[in-house]
Every structure is written in structure tokens, then in C-alpha cells.
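Each chain, written out:
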Amino acid sequence: MFGFIVFAAVMANAFPPTSTYIMPSLGIMAFCMSYLYPQFKQKDERMKLIRQKGLEYAYFALLVYFMILMIILQFNLLTLSALDVLYILTALTICTVFICMVITAKKY
């Protein structure tokens, strides 16, 4: 769906709608969850550590995203509506949390 919407937007010489940003992030979430399933089906200390450390890393990454986005909006480098900002932050949050859990699972 994401590829089709982007293709249609490119053919129309326009940007894709911001609601399409969530589609690839949900795909990333699905692939990350399929990778993490063997670790998460066991309710042990390793699973709890992966979740805890993954969310800690994601928290600091999200703080960086928020600061960068605030700087961009403060200095009018991009003109974004509130809905655009929410879609971007939602997509970044979904991607960051699950990718940080995958990285943590490989590390621990």
C-alpha cells in the first residue's frame, strides 16, 4: 500500500499524504516482532531485560527526535501542520521502540 501511494504521488508530482508515514513503520514493527517472538514467548529475565533496556534506549532517541523537530519548527526550516507533526512522531516512535528492542536482543 505504501509503495502504491508513493508511486501515485510521484506520478502526480506531489508529496505523499502524511498518513502514509505510519504504513512502513507498522511493517517495521511486524518484522521486529517476528524476530523478537522467540525471546518474548519465554517469560524470563532476558525478556524483561530486553524490554527494559530497549525502552530506555528508545526514550533517549525520542528526546533527540523531539529536540530536532522543535528546532526545525522554531526556526521555520519546514512548515508543518500539527497533524503532520503527529504523524511523523507516531511513525518515529513505532520504529524506534521496536528497532531498539531488536538491537537490545542482539546485544543481550
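What you are looking at is a predicted structure, and each value in this text was computed from that prediction instead of being measured. (Residues numbered from 1 in each chain as written. Predicted model: local features only at pLDDT ≥ 70, side-chain atom pairs only at ≥ 80, totals over all residues. Heavy atoms only, no water.)

A.B. asks: Is there a simple way to explain the packing of helix α3 (residues 45-74) against helix α4 (residues 82-107) in this structure?
C.D. replies: Helix packing for two helices is described by the angle between their axes and how far apart those axes are. Where α3 contacts α4, the two axes come as close as 7 Å, and the packing angle between them is 145 degrees. The crossing of α3 and α4 is right-handed. Taken together, the residues of the contact of α3 with α4 break down into 18 nonpolar, four polar and four charged. (Axes fitted to C-alpha atoms, helices over the stretch in contact; angles between N-to-C directions. Helix = DSSP H or I, 4+ residues; strand = E, 2+ residues; numbered from the N terminus. Left-handed = near helix turned anticlockwise from the far one by under 90°. Nonpolar A, V, L, I, M, F, W, Y, C, P; charged D, E, K, R; others polar.)

A.B. asks: Just to check I follow, could you spell out unusual backbone geometry for this structure?
C.D. replies: Leave glycine aside and you will find that most residues have negative phi; peptide bonds, for their part, are mostly trans. In this structure, Asn13 is a non-glycine residue whose phi angle is positive, near 55 degrees. On the secondary structure map, Asn13 appears in the loop between α1 (2-11) and α2 (22-40). Asn13 gets classed as exposed once you look at its relative accessible area, which sits at 73%. Here the phi dihedral of Asn76 falls at roughly 55 degrees; this positive angle occurs in a residue that is not glycine. Looking at where Asn76 falls in the secondary structure, it is placed in the loop between α3 and α4. (Buried < 20%, exposed > 50% of the residue type's maximum accessible area, 1.4 Å probe, protein only.)

A.B. asks: What should I look at first to understand the side chain of Thr104 in this one?
C.D. replies: Residue position: Thr104 is located in helix α4. With relative accessibility at 0%, the residue Thr104 sits in the buried group. A polar side-chain atom of Thr104 sits 2.6 Å from the main-chain carbonyl oxygen of Cys100. The residues touching Thr104, leaving out its near neighbours within four places in the chain, are Leu49, Ile50, Lys53, Gly54 and Tyr57. (Polar contact = N/O pair within 3.5 Å; in protein donor to acceptor, adjacent residues only side chain to side chain. Contact = heavy atoms within 4.5 Å.)

A.B. asks: Any chance you could explain the nonpolar core here in plain terms?
C.D. replies: Generally speaking, soluble globular proteins have nonpolar side chains that are buried together. Counting 13 residues, the largest nonpolar core has Leu36, Phe40, Ile50, Val97, Phe98 and Met101 as its most contacted members. Listing elements by their share of this core, those giving two or more residues are α2, α3 and α4. Considering each element in turn, this core owes the most residues, seven residues, to α4. Setting aside residues up to four positions removed in sequence, Met101 forms contacts with Leu36, Phe40, Ile50, Arg51, Gly54 and Leu55. (Core = buried A, V, L, I, M, F, W, Y, C linked by side-chain atoms within 4.5 Å.)

A.B. asks: Before we go on, may I ask you to explain the packing of aromatic side chains in this structure?
C.D. replies: By convention here, two paired aromatic rings are described through the distance between centres and the angle between planes. Taken as a whole and judged by the stated rule, the model has one aromatic pair. Judged by centre distance (5.2 Å) and plane angle (75 degrees), the ring pair of Tyr59 and Phe60 falls under edge-to-face. Since its relative accessible area comes to 53%, Phe60 is described here as exposed. (Phe/Tyr/Trp six-rings, centres within 6.5 Å; stacked < 30°, edge-to-face > 60°.)

Honestly, that's just the spatial picture; any functional story needs more than this.
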